[in-house]
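A look at the structure
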Amino acid sequence: MHKFLTFSFDDGTVEDRRLIALFDRYGLRGTFNLNSGKFGVRREIVHEGIPVHHYVIEQEEAKTLYQNHEVAAHTVHHPNLVKISREEVIHEVADDCRALEELTGQQILGMAYPGAGLYYTQEVADIIRESTQIRYARGCKNHHTFKLPENLMLWEPTCHQNDPQLLELGRAFVQADASEEDLLFYVWGHSFEFEKFKSWDLFERFCEMMAGKPDIEYVTNGEVARYLLG
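To keep things clear, this report deals only with the structure shown in the data block. The shown structure was predicted, so the numbers you read here are calculated from the model rather than taken from an experiment. (Residues numbered from 1 in each chain as written. Predicted model: local features only at pLDDT ≥ 70, side-chain atom pairs only at ≥ 80, totals over all residues. Heavy atoms only, no water.)

**Here's the deal with unusual backbone geometry**
Non-glycine residue Asp-11 carries a positive phi angle of around 90°. Checked against the element boundaries, Asp-11 lands in the loop between β1 (3–10) and α1 (16–26). For Asp-11, a relative accessible area of 9% gives the class buried. A positive phi is found at His-144, a non-glycine position, where the angle reads about 55°. (Helix = DSSP H or I, 4+ residues; strand = E, 2+ residues; numbered from the N terminus. Buried < 20%, exposed > 50% of the residue type's maximum accessible area, 1.4 Å probe, protein only.)

**Here's the deal with the state of the cysteines**
Within this structure, the stated rule accounts for zero disulfides. With no disulfide of its own, Cys-97 has Cys-140 as its nearest cysteine by sulfur position, at a separation of 20 Å. Using a relative accessible area of 0% as the deciding quantity, one classes Cys-97 as buried. Free of any disulfide, Cys-140 has its nearest neighbouring cysteine sulfur in Cys-159, separated by 12 Å. The exposure class of Cys-140 is buried, given its relative accessible area of 13%. (Disulfide = S-S within 2.5 Å.)

**Concerning the pairing of strand β2 (residues 30–34)**
Taking burial as the measure, the five residues of β2 include five buried ones, the bulk of the element. Burial along β2 is two-sided: Gly-30, Phe-32 and Leu-34 facing one way and Thr-31 and Asn-33 facing the other are all buried. Here four bridges tie β1 to β2, and the two strands are oriented parallel to one another. In the strand pairing of β2, Phe-9 is matched with Phe-32. In this view, the connection linking β1 to its parallel neighbour β2 by way of α1 has right-handed handedness. Note that β2 and strand β5 (residues 70–73) share four bridges and pair parallel. By the bridge assignment, Asn-33 is partnered in β5 with Ala-72. (Pairing = 2+ DSSP bridges. Right-handed = clockwise from strand over helix to strand, strands pointing away.)

**A closer look at the packing of helix α5 (residues 166–175) against helix α7 (residues 200–210)**
How two helices pack is summed up by the angle between their axes together with the distance between the axes. Running from N to C, α5 and α7 point in directions that differ by 5°, and their axes come no closer than 10 Å. One way to sum up the angle between α5 and α7 is to call them roughly parallel. Residue-level contacts link Leu-166, Leu-167, Gly-170, Arg-171, Phe-173 and Val-174 of α5 to Leu-202, Phe-203, Arg-205, Phe-206, Met-209 and Met-210 of α7. Looking at side-chain class alone, the contact of α5 with α7 contains nine nonpolar, one polar and two charged residues. (Axes fitted to C-alpha atoms, helices over the stretch in contact; angles between N-to-C directions. Parallel < 35°, antiparallel > 145°, perpendicular 65-115°, else oblique. Contact = heavy atoms within 4.5 Å. Nonpolar A, V, L, I, M, F, W, Y, C, P; charged D, E, K, R; others polar.)

**Details of the environment of Arg-171**
Here Arg-171 shows up in helix α5. Remark: the alpha-carbon pair of Arg-171 and Asp-96, spanning 75 residues in sequence, is separated by 37 Å.

**Things to note about the packing of helix α3 (residues 86–104) against helix α4 (residues 122–131)**
Relative orientation of the contacting elements α3 and α4 amounts to 60°, with a least axis distance of 10 Å. On the basis of their axis angle, the class for α3 and α4 is oblique. Crossing of α3 over α4 shows right-handed handedness. Every residue of α4 that contacts α3 at Arg-86, Val-89, Ile-90 and Val-93 is listed here: Val-124, Ile-127, Ile-128, Glu-130 and Ser-131. (Left-handed = near helix turned anticlockwise from the far one by under 90°.)

This is how it looks when you write it as structure tokens:
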């Protein structure tokens, strides 16, 4: 049986640099979901009522920044996939995959739905599965368990990076016994939210607590998906 820890972060903002340095320091692995049409965009946004910087890295940085981690799709322009046509959904996803593969040299297997995982339906998931190379896709309906996904195109995470239960869940996962069944702890978010919530120190405590455990496998989303797909 396996005990997997994985992370998924969206948008490719400049805070990914600090996050990846943190992951590399503790031997953790992450998946980074990028919009190929938004590299270099710098703007101020209001995220859940709080003003934040949203500065996306330049495309020239992507190959080296994410070289030890997985790059996944997040659509080209971050549209609401429920409100656009079937053909537009396919282009947003397929074109993002092609651009990211050319840019990073990685094979793109998965994605995160845009809009914090809210811009999708079963119909959208089916279109993407049937018409693109995507084999897994993440939403953001936190379930606070260590269960594996039943449907990789409707993959929901354990919790958000700033979940009040993050450390509690981490301690439970470290102590959990995977001898009977596979376990998965899946954390998602946006690296700019560490600045928003001033939570870098808390997250580093989490990383330090989770690191270096002989029974935990530190993997990307794609590695979990390939295991499940056989």
